Amino acid sequence: MIKIDGSKFKEMLAGGAKALELNRATVDELNVFPVPDGDTGTNMSLTVSSAMREANACQSVHISDIAAAFSRGALKGARGNSGVISSQIFKGFALGLEGKTDMTPKTFAECLKKGTEIAYSAVTKPKEGTILTVIKYMAETAASAARSKKIEFADFIKKVIDAGEEILQKTPDMLPVLKKAGVVDAGGRGIVTVFDGMYRTLVGLDLVLISGESVKVQDLEEIQTSGKEFDTLENDYENITFQYCTEFFITHFKNEVTDAAIDKFRDYLMTIGDCVLVIGDTDLVKTHVHTNHPDRALKSALNLGELEGVKIENMLEQYRKLHPENPEEEEVELKENAVVSVCCGSGMAEIFKDLMADVVVEGGQTMNPSVDAILTAINSAQAKNVYVLPNNGNIILAANQAKELAKSNVYVIPTTNMPEGVSAMLAYDPESSGDENNENMCATVGGTCVAEITHAVRSTRMNGFSVKEGDIIGIHNKKIVARSQSVSETAINTVKKISQDKDMLTIYYGEGVSQEDADNLVERLSGEFANLEIACYFGGQPHYFYIMSAE
């Protein structure tokens, strides 16, 4: 057999996916870098499994269509650095097989070459001794072996896999952290396993488990307590510079977006973080970045298109869990009560702290904290009774899930916005019992009329308002209540809607509003609403010019 068709290629891909799934626990064990993206074997297996699902859904028997579907599925399901790089390797097959009806050794070699080039270009600072090195050496071997016109496809693949295994065993000599841990690169082992599974399926051999590595393995406990943990692609997690691992897809691109705009987006991410991966084209782009400002990454991406599959992980918190500073420290004495508040904006955080919130969790619109983040905050409060203020309707469920996992007695106060959280804090008494505080704080929920002033991100018609993209709108109870081209005019018209029978108006101005503009608005409101006592504070919240609460 000197060439294979689409059906045989699909069988081989399925064998590769199965081989990786069988061996993912072993590949996981090679990964001595447990944060931020999970374990390499699991990430790669999930990536390839997603690719196989897409390939199985493909009704065509043409090898080009199968390769394209597999590549698309790999990109959609890509997890972690090695998973993302693997998706780029298989993108090379999709490109190399375009218009082809079968695959010869020469075509396979061209696909590997393309995949290697794309994978290297996807990583900002490629490091040798990783999956990149392994696939590059395999591609070079494939190009050399394919020069023999009469070589059998199975013999050709076997040469390529042997080359991958050979260079894999040398990865510890290229990366000191691997040599110290006594393991080969986990991503490299994963990709060799995939191709080995493809080969075994082609020749009809049973899939096998990885028997073990020839490199001597040191005691892992000693390595993990040494204080040095690394991501082989970039970060030293003991000295984390950029805290949040941020991943998402960009889809449904705006008509004016070009490849140059995607390159510009990649360049921007490199100014706010590291470990930048921006891969794909104007149909679908997978993004990965370590940054201290995930909100900025998301905002920049929204200029290109729509977002899907957003995932933000706190690497610093993951590291703390794996490496507690005082693992043998005696349990601290718990205080009676504590409050955990979720909020967005530096000013709002200070307001909650001034109101005696013990722990403030950053989060809100577009960046809801995970169950784990809320649970960590609850535990760090070190109290018998902990009151959680979600301050967002989308966070209440996560807070309740965290409640079930916590050791403390947790009360979730169902606040749906930050002003409700402020009202709940005013009803909180550190000296009262858990049930008393819960009753008093819950009683405040819904007692205020809250509205937000923001800008419309798309044109629509709602509640009798015809809104165009860029209009300034006032929102109350998830309905548009005011619209204009002016922030202050919209704010004034919104106050008219929420201030009937009210005597107190509290305004929190956002990060894009100057104190002078806020003071001017208060002056105008004071002149127009003589019945209202008005207070204004810096909230610093993104997305909303003003958040207003009438009581």
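## With respect to the overall build of the chain
A tally of helices and strands in the chain yields 21 helices and 16 strands. For the chain, the proportion of its 551 residues judged to be buried stands at 53%. In the chain, the proportion of contacts linking residues at least 24 apart, taken out of those at least 6 apart, comes to 69%. Working note: accessible area of the chain is about 25,500 Å², and carbon and sulfur atoms make up 48% of it.

## Structural notes on the sheet that holds strand S6 (residues 359-362)
Pairing in this open sheet of four strands is parallel, and the strands run S6-S5-S7-S8 from one edge to the other. The open sheet has two edge strands with one neighbour each: S6 and strand S8 (409-412). Between one strand and the next, the sheet's axes are offset by a mean angle of 20 degrees, whatever the strand orientation. Packing of helix H19 (residues 434-443) onto the sheet brings it into contact with strand S5 (335-343), strand S7 (383-389) and S8, and relative to S7 it is tilted by some 10 degrees.

## Considering the packing of helix H1 (residues 6-30) against helix H3 (residues 63-77)
Put simply, H1 and H3 touch, their axes get as near as 8 Å, and they point 25 degrees apart. Classified by the angle their axes make, H1 and H3 are roughly parallel. In this structure, the crossing between H1 and H3 has a hand that is right-handed. Taking contact as the criterion, the partners of Gly-6, Ser-7, Phe-9, Lys-10 and Leu-13 in H1 are, on H3, Ile-63, Ile-66, Ala-67 and Phe-70. Tallied by class, residues from the contact of H1 with H3 come to six nonpolar, two polar and one charged.

## Details of the environment of Glu-128
By the element assignment, Glu-128 lies in the loop between helix H5 (105-122) and helix H6 (131-145). When the C-alpha positions of Glu-128 and Met-174 are compared, they lie 6.5 Å apart, and in sequence the two are 46 residues distant. For Glu-128, the side chain forms a polar contact with the side chain of Tyr-120, separated by 3.0 Å.

## A look at the side chain of Glu-452
Mapped onto the elements of the fold, Glu-452 is located in strand S9 (residues 449-455). Buried within the structure, Glu-452 lacks any salt-bridge partner; Lys-478 is the closest side chain of opposite charge, at an N-O distance of 10 Å. The residues contacting Glu-452, other than those within four sequence positions of it, are Ile-473, Gly-474, Ile-475, Tyr-544, Tyr-546 and Ile-547.

## A look at the confidence of the model for the chain
Segments scoring low in pLDDT should not have their predicted coordinates read at a detailed level. Mean pLDDT over the chain: 84, with 88% of residues reaching 70 or higher. This model gives residues 32-38 a pLDDT under 50, and the stretch forms 31 contacts once residues within four places in sequence are excluded. Contacts for the low-pLDDT stretch residues 212-238, under 50 throughout, to residues beyond four places or in other chains number 76 contacts.

## Let's talk about the sheet that holds strand S12 (residues 472-476)
Strand order in the open sheet formed by six strands is S13-S12-S9-S16-S14-S15, and the pairing between neighbours is mixed. Looking at which strands have only one partner, the edges of the open sheet turn out to be strand S13 (479-484) and strand S15 (533-538). Strand after strand, the sheet turns through a mean of 20 degrees between neighbouring axes, direction not considered. Examined bridge by bridge, strand S14 (residues 504-509) and strand S16 (residues 546-550) share five bridges and lie antiparallel to one another. Of the residues in S16, the one forming a bridge with Tyr-509 is Tyr-546. The sheet contacts of helix H18 (residues 418-426) involve S9, S14 and S16, and relative to S16 the element is tilted by about 50 degrees. Packed onto the sheet, helix H20 (residues 487-498) meets S9, S12, S13, S14 and S16 and runs at close to 140 degrees relative to S13.

## Some thoughts on the pattern of salt bridges
Two side chains bearing opposite charge may form a pair once their charged atoms approach each other closely. Applying the stated rule across the entire model yields 19 salt bridges. The residue Lys-496 makes a salt bridge to Glu-528 at a minimum N-O spacing of 3.5 Å. With a gap of 32 residues between them, Lys-496 in helix H20 and Glu-528 in helix H21 (residues 515-528) connect regions that are remote in the sequence. A relative accessible area of 41% means that Glu-528 is categorised as partly exposed. A single network of salt bridges, built from pairs that share partners, joins Glu-247, Lys-311 and Glu-313.

Conventions and cut-offs
- Residues numbered from 1 in each chain as written.
- Predicted model: local features only at pLDDT ≥ 70, side-chain atom pairs only at ≥ 80, totals over all residues.
- Heavy atoms only, no water.
- Helix = DSSP H or I, 4+ residues; strand = E, 2+ residues; numbered from the N terminus.
- Buried < 20%, exposed > 50% of the residue type's maximum accessible area, 1.4 Å probe, protein only.
- Contact = heavy atoms within 4.5 Å.
- Areas by Shrake-Rupley, 256 points an atom, 1.4 Å probe, with all protein chains shown as cover.
- Pairing = 2+ DSSP bridges.
- Axes fitted to C-alpha atoms, helices over the stretch in contact; angles between N-to-C directions.
- Parallel < 35°, antiparallel > 145°, perpendicular 65-115°, else oblique.
- Left-handed = near helix turned anticlockwise from the far one by under 90°.
- Nonpolar A, V, L, I, M, F, W, Y, C, P; charged D, E, K, R; others polar.
- Polar contact = N/O pair within 3.5 Å; in protein donor to acceptor, adjacent residues only side chain to side chain.
- Lys, Arg positive; Asp, Glu negative; His and termini not counted.
- Salt bridge = Lys/Arg side-chain N within 4 Å of Asp/Glu carboxyl O.
- pLDDT = per-residue confidence, 0-100.

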